[in-house]
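The primary structure of each chain is shown beneath.
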Amino acid sequence: MERAKRKLDHIQYALQTGQLGLTGFDDISFVHQSLPGIALEQVNLATKMGELQLSSPIFINAMTGGGGKTTEEINRDLAIVAKETNIAMAVGSQMSAIRDARQLASYAIVRKENPKGIIIGNVGVEATVEQALRACDMLEADALQLHLNVIQELTMPEGDRDFSKSLANIEEISKRLHVPVIVKEVGFGMSKETVAQLASVGVSIVDVGGFGGTNFAKIENERRTKVLNYFNDWGIPTAASIVEAVSLSKDLFVIASGGVQTSLDIVKSMALGANSVGLAGYFLKVYKEQGVCGLITEITNLQEELTYMMTALGAATIEELQQVKLVISGKTYHWLTQRGVDCSIYAK
């Protein structure tokens, strides 16, 4: 099937299948602080994504591109939103434009609309160094995502079947690129073993892309004759995946994504140790229903709500938010306990 058609199918099925809501965030509860000791005006949302300085932990995560005029319009509008709200934005996989120059405009529009913003490129881990460089040049990118999507590829009728060189590719690209490299899962979560492998080849920024949001196994199964049902519930929930990643090393920059929909989800993500939080499926839904102005309003509201909750928790900065007390219960507690994580460190 033509790649551009597949990109359009992904948008349609992402909106149809929606967000699963199985992220594990319901298992996270804050320890209330009756004397938070700070004022609302003291709260600062600035954070880091590796070497990049962000004004907000919220960013528009990878969604689309390569689907002709339809995806060009979506990326144009998302770039306008990112500019107006002063947040970073990632594009969808740029392999479409690398392989077909006719799709270039659907990505280049992002930098055109947001010339001074933080823009993040995106290719799969099968990309060559030369392709990764082209992806960065295409956007004048400030960073590059290398996405891991084994389950999606296996479910995809025309997907890849050989993942034997993925880690070596990541290492080579990380060494050769002049911008930060982010390794990102696409909805199935990252284990601490995966994060350890990535750290061993020099990766310092990971996006856990946890289970509970847009489900690319379900999306690809919509396109199959013989459905692979066993992949529909495959993955590590987002909350557990964040903890797995941060439990490995405090020197890593961890991005939370995968079914994040509310300001409470965002605050919980960072309290578990994430440095920033990417939203894709939820923002796409808001954009489709309410347009550019509606999405700008939603992001503005989310950021305002973050400051209120951080004030209630006595956390004036993201670093302080990462130290607040919380209790982990339910399935997330059982998962992490069996995985060797001492959940009590979050409560003490």
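These numbers come from a predicted model, not from an experiment. The residue numbering used here restarts from 1 in each chain and proceeds along that chain's sequence as written. Side-chain atom pairs in this predicted model are given and counted only at pLDDT of 80 or more, local residue features only at pLDDT of at least 70, and totals for whole chains, interfaces and linings cover all residues. Excluding hydrogens and water, the side-chain values take into account all heavy atoms of the structure.

## Things to note about the environment of Thr71
Item 1. Starting at the N terminus, helices and strands are each numbered in turn, a helix being any DSSP run of H or I of at least four residues and a strand any DSSP run of E of at least two. Following the sequence through the fold, Thr71 ends up in helix H2 (residues 69-85).
Item 2. Each residue gets one of three labels from its accessible area relative to the maximum for its type: buried under 20%, exposed over 50%, partly exposed in between, using a 1.4 Å probe on protein chains only. Thr71 gets classed as buried once you look at its relative accessible area, which sits at 0%.
Item 3. For the pair formed by Thr71 and Gln103, sequence separation is 32 residues and the distance between their alpha carbons is 9.4 Å.
Item 4. Throughout this description, a polar contact denotes any pair of N or O atoms lying within 3.5 Å of each other; where both atoms belong to protein, one of them has to be capable of donating a hydrogen while the other can accept it, and for residues adjacent in sequence the pair is counted only when both atoms sit in side chains. A distance of 2.7 Å separates the side chain of Thr71 from the backbone nitrogen of Gly67, its partner in a polar contact.

## A short note on the environment of Ala88
Item 1. Here Ala88 is to be found in the loop between H2 and strand E5 (89-90).
Item 2. Residue contacts are counted whenever heavy atoms from the two residues lie within 4.5 Å of one another. Apart from the residues lying within four places of it in its own chain, the contact partners of Ala88 are Leu54, Ile58, Phe59, Ile60 and Ile118.

## A closer look at the UniProt feature "binding site: Mg(2+)" (unreviewed entry) in the chain
Item 1. Here, UniProt's "binding site: Mg(2+)" (unreviewed entry) annotation points to Glu153.
Item 2. Counting through the fold element by element, Glu153 comes out in helix H6 (residues 150-155).
Item 3. Overall, the relative accessible area of 9% leaves Glu153 in the buried class. UniProt positions are given in the numbering used here, feature names are shortened, and annotations may be inferred rather than shown by experiment.

## Concerning the nonpolar core
Item 1. Counting residues in hydrophobic clusters, the biggest one holds 90 residues, and the most contacted among them are Met89, Leu144, Ile170, Ile266, Leu272, Phe283 and Leu321.
Item 2. If we skip the residues at most four places from it in the chain, Ile266 touches Ile58, Val260, Val277, Leu279, Leu302 and Leu306.
Item 3. In terms of nonpolar packing, the next biggest core, distinct from the first, is built from 12 residues, Met49, Leu52, Phe59 and Ile205 among them. Residue types Ala, Val, Leu, Ile, Met, Phe, Trp, Tyr and Cys, when buried and joined through side-chain atoms within 4.5 Å, form a set referred to as a nonpolar core.

## Structural notes on the layout of surface pockets
Item 1. Cavities and pockets are defined on a 1 Å grid built over the protein atoms alone: a cavity is a set of grid points where a 1.4 Å probe fits but cannot escape, while a pocket is an open set with protein on both sides within 12 Å along at least five of seven lines, and lining residues are those with an atom within 4 Å of any such point. Grid points are joined across faces, edges and corners, and a volume is the space filled by probe spheres set on the points. As a volume, the second largest pocket reaches approximately 560 Å³.
Item 2. Among the secondary structure elements, those contributing two or more residues to the lining of the second largest pocket are H6, helix H7 (166-176) and helix H8 (192-200).
Item 3. At 4 residues, the largest contribution of residues to the lining of the second largest pocket is made by H7.
Item 4. In the lining of the second largest pocket, the residues fall into 12 nonpolar, 9 polar and 6 charged. Any residue outside Ala, Val, Leu, Ile, Met, Phe, Trp, Tyr, Cys, Pro, Asp, Glu, Lys and Arg is labelled polar, Gly included; the first ten of those are nonpolar and the last four are charged.

## Re the pairing of strand E10 (residues 253-256)
Side-chain positions along a regular strand alternate between the two faces of the sheet.
Item 1. Relative to E10, strand E9 (residues 205-207) runs parallel, the two sharing 3 bridges. Bridge pairing in E10 links Asp207 to Ile255.
Item 2. Here 2 bridges tie E10 to strand E11 (residues 276-279), and the two strands are oriented parallel to one another. Considered in E11, the bridge of Ala256 is made with Val277.
Item 3. Handedness of the E10-helix H11 (residues 263-271)-E11 crossover: right-handed. Only strands joined by at least two bridges in the DSSP assignment are considered to pair. We call a crossover right-handed when, viewed with both strands directed away from the observer, the connection leading from the first strand over the helix to the second proceeds clockwise.

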